[in-house]
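Analysis of the macromolecular model
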Amino acid sequence: MADTHVLFVEDDDVIREATQLALERVGFSVTAVPDGLLGLEAFRADRPDIALLDVMVPGLDGVSLCRRIRDESAVPVIMLSARADSIDVVLGLEAGADDYVTKPFDGAVLVARIRAVLRRFGHAAGAGGERPGSGGTPDEPGGVLVFGDVEIDTEGMEVRRGGAHVGLTPTEMRLLLEFSSAPGTVLSRDRLLERVWDYGWGGDTRVVDVHVQRLRTKIGQDRIETVRGFGYKLRA
């Protein structure tokens, strides 16, 4: 299988060059550019397997670039932000990012997060990485599941609401499949981080909250219920 191709948009020369070397060292092919407009051009020309976007880049900021990418593709996106408590994190996730990493970051942690995302999306994970299906996938029942006006084709990986097709990103689909595997059961944010985001360690639950809200806008606000202090459940 060909090397996984990473698009990396970062305006800091030192961080960009050091991170590119670190990623290439473990087997990734990397296109690294210093601004968002060049990032959009590179994305359209190269069609990478994953995009790493710094929030604060010139030309076209990372959040806007993420939106442009999401308008054209379901390719996984990881946002990079220097401020963990910033609104930038939520804005990036709302724009369609699948995960985020806070700077400064350890190279090994970044590689692990990239591989976790790629496993969820079915790509190669770089030299020495796990292959698709190696873990973190919900136990998906076969056939079509029906919850109110929502139909989930677990084999064709398609969702319809009121008979109309619903476009979900792979992360949103995995989240919905996790809920549908246990309808009426409260799933904690930690469980969802582990099962959907493949985190073997603690993660920021804002990732879960924003994705649940995005999923609600597509399948119905009342379809996924918040159970305060515990998590979420899919209404059967």
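What counts and what doesn't
Residues numbered from 1 in each chain as written. Predicted model: local features only at pLDDT ≥ 70, side-chain atom pairs only at ≥ 80, totals over all residues. Heavy atoms only, no water. Helix = DSSP H or I, 4+ residues; strand = E, 2+ residues; numbered from the N terminus. Contact = heavy atoms within 4.5 Å. Salt bridge = Lys/Arg side-chain N within 4 Å of Asp/Glu carboxyl O. Axes fitted to C-alpha atoms, helices over the stretch in contact; angles between N-to-C directions. Parallel < 35°, antiparallel > 145°, perpendicular 65-115°, else oblique. Left-handed = near helix turned anticlockwise from the far one by under 90°. Nonpolar A, V, L, I, M, F, W, Y, C, P; charged D, E, K, R; others polar. Buried < 20%, exposed > 50% of the residue type's maximum accessible area, 1.4 Å probe, protein only. pLDDT = per-residue confidence, 0-100. Polar contact = N/O pair within 3.5 Å; in protein donor to acceptor, adjacent residues only side chain to side chain. Pairing = 2+ DSSP bridges.

**Focus on the overall build of the protein**
- On a plain count of helices and strands, the protein comes out with 8 helices and 11 strands.
- A fraction of 58% describes how many contacts in the protein between residues 6 or more apart in sequence connect residues 24 or more apart.

**Overview of the pattern of salt bridges**
- Throughout the structure, instances matching the rule amount to 15 salt bridges.
- A salt bridge links K103 to E10; the shortest N-O distance between them is 3.0 Å. Taken together, the residues span a long stretch of sequence, with K103 in the loop between β5 (99-102) and α5 (107-121) and E10 in the loop between β1 (5-9) and α1 (13-25) at a distance of 93 residues.
- Ionic pairing is found between D13 and R16, a salt bridge with its closest N-O pair at 2.8 Å. With D13 and R16 both in helix α1 and 3 residues apart, the pair spans about one turn of that helix.
- Sharing partners across several salt bridges, the network here consists of E10, D54 and K103.

**Some words on the packing of helix α4 (residues 87-94) against helix α8 (residues 206-219)**
- Put simply, α4 and α8 touch, their axes get as near as 9 Å, and they point 40° apart. By the angle between their directions, the pair α4 and α8 is classed as oblique. As for the relative orientation of α4 and α8, their crossing is right-handed in sense. Across from V89, V90, L93 and E94 in α4, the residues of α8 making contact are R206, V207, V210, H211 and R214.
- Looking at side-chain class alone, the contact of α4 with α8 contains 5 nonpolar, 1 polar and 3 charged residues.

**Here we look at helix α6 (residues 170-180)**
- Burial runs high along α6: 10 of the 11 residues are buried.
- Looking at α6, one finds that the buried residues are T171, E172, M173, R174, L175, L176, L177, E178, F179 and S180.

**Some thoughts on the confidence of the model for the protein**
- When pLDDT is averaged along the protein, the result is 86, and 87% of the positions lie at 70 or above.
- Ignoring residues within four places in sequence, the model shows residues 123-141, a span with pLDDT below 50, making 45 contacts including any to other chains.

**Some words on the environment of S181**
- One can find S181 in the loop between α6 and α7 (189-196).
- In the structure, S181 is positioned 53 residues away from L234 in sequence and 9.4 Å away in space, judged by C-alpha atoms.
- Here the side chain of S181 touches E178 through a polar contact of 2.7 Å, landing on its backbone oxygen.

**Side note on the pairing of strand β3 (residues 50-54)**
- Of all 5 residues making up β3, 5 are buried, and the element is well covered by its neighbours.
- Residues I50, L52 and D54 of β3 are buried on one face, and the alternating residues A51 and L53, pointing to the opposite face, are buried as well.
- Relative to β3, β1 is paired through 4 bridges, and the arrangement is parallel. Paired with V6 across the bridge in β3 is I50.
- The pairing of β3 with strand β4 (residues 77-81) spans 4 bridges and is classified as parallel. Paired with L53 across the strands is M79, a residue of β4.

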